[in-house]
Amino acid sequence: MSEFSGLSDHFIMRMHEFIRNEVQADALAGTRLIGLPARHRADRLFKEIERRGLVCRPIEWPEHLADPSRDPADRPLRTIAN
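Since the structure is predicted, the reported quantities are computational estimates derived from the model, not experimental observations. (Residues numbered from 1 in each chain as written. Predicted model: local features only at pLDDT ≥ 70, side-chain atom pairs only at ≥ 80, totals over all residues. Heavy atoms only, no water.)

A.B. asks: Give me the packing of helix α1 (residues 9–29) against helix α2 (residues 36–51): which residues, what numbers.
C.D. replies: α2 packs onto α1 with a crossing angle of 145° between their chain directions and a minimal axis gap of 10 Å. Crossing handedness for the pair α1 and α2: left-handed. Contacts between α1 and α2 pair I12, M13, M15, H16 and I19 from the former with A38, R41, A42, L45, F46, E48 and I49 from the latter. Class assignment of the residues belonging to the contact of α1 with α2 gives a composition of nine nonpolar, one polar and two charged. (Axes fitted to C-alpha atoms, helices over the stretch in contact; angles between N-to-C directions. Helix = DSSP H or I, 4+ residues; strand = E, 2+ residues; numbered from the N terminus. Left-handed = near helix turned anticlockwise from the far one by under 90°. Contact = heavy atoms within 4.5 Å. Nonpolar A, V, L, I, M, F, W, Y, C, P; charged D, E, K, R; others polar.)

A.B. asks: Provide a residue-level description of the pattern of salt bridges, including the pertinent values.
C.D. replies: Counted according to the given criterion, the structure contains eight salt bridges. The partner of R57 in a salt bridge is E17, with the nearest N and O atoms 3.6 Å apart. With a gap of 40 residues between them, R57 in the loop between α2 and α3 (63–66) and E17 in helix α1 connect regions that are remote in the sequence. Each member of the salt-bridge network shares a partner with another, and the members are D9, E48, R51 and R52. (Salt bridge = Lys/Arg side-chain N within 4 Å of Asp/Glu carboxyl O.)

A.B. asks: Explain the confidence of the model for the chain to me, and be specific about the residues and the numbers.
C.D. replies: When the pLDDT values of the chain are averaged, the result is 84; 79% of them are 70 or greater. In this model residues 71–79 is a low-confidence stretch, pLDDT under 50, and it forms nine contacts with partners more than four residues away in sequence or in other chains. (pLDDT = per-residue confidence, 0-100.)

A.B. asks: Which residues make up the environment of R44, and what values go with them?
C.D. replies: Structurally, the position occupied by R44 is in helix α2. Distance in space between the C-alpha atoms of R44 and E3 is 9.3 Å, their sequence separation being 41 residues. When residues no more than four places from it in sequence are discounted, the contact partners of R44 are E3 and F4.

A.B. asks: Go over α2, please, and point to the residues and values.
C.D. replies: The terminal C-alpha atoms of α2, which comprises 16 residues, lie 23 Å apart, in line with the 22 Å expected from a rise of 1.5 Å per residue. For α2, the complete set of buried residues consists of A38, R39, A42, L45, E48 and I49. In the core, the buried residues of α2 are packed alongside α1 and α3. (Expected span 1.5 Å × (residues − 1). Buried < 20%, exposed > 50% of the residue type's maximum accessible area, 1.4 Å probe, protein only.)

A.B. asks: Can you lay out α1 for me, pointing to particular residues and giving the numbers?
C.D. replies: In this model, α1 (21 residues) spans 30 Å end to end at C-alpha, consistent with the 30 Å of a helix rising 1.5 Å per residue. Among the residues of α1, those classed as buried are I12, M15, H16, I19, R20, V23 and D26. Projected onto a plane normal to the axis of α1, the buried residues spread over an arc of 130° and lie on a single side. Of the exposed residues in α1, the ones pointing more than 90 degrees away from its buried face are H10, F18, L28 and A29. Along its buried surface, α1 packs onto α2. Downstream of α1 by a residue or two, G30 has a phi angle that is positive, lying close to 75°. (Arc of directions from axis to C-beta.)

Written out as structure tokens, the structure is:
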């Protein structure tokens, strides 16, 4: 049984859109609140969206999340200026 079975197409699409909006908010604010767990969740959602034959815009991931196979310890941290 899929982790998304029982969820409507609309709900799946909204969850994916929510992550996209959070990634965009991070980019605009210059922060890094969205991390690798959100990337993995979005990837699973995208696969489910494709499996259902739905269409959505892909998420434009920031550099520190663009390649999820990279070790997070190798990525530089950005600070928020006060």
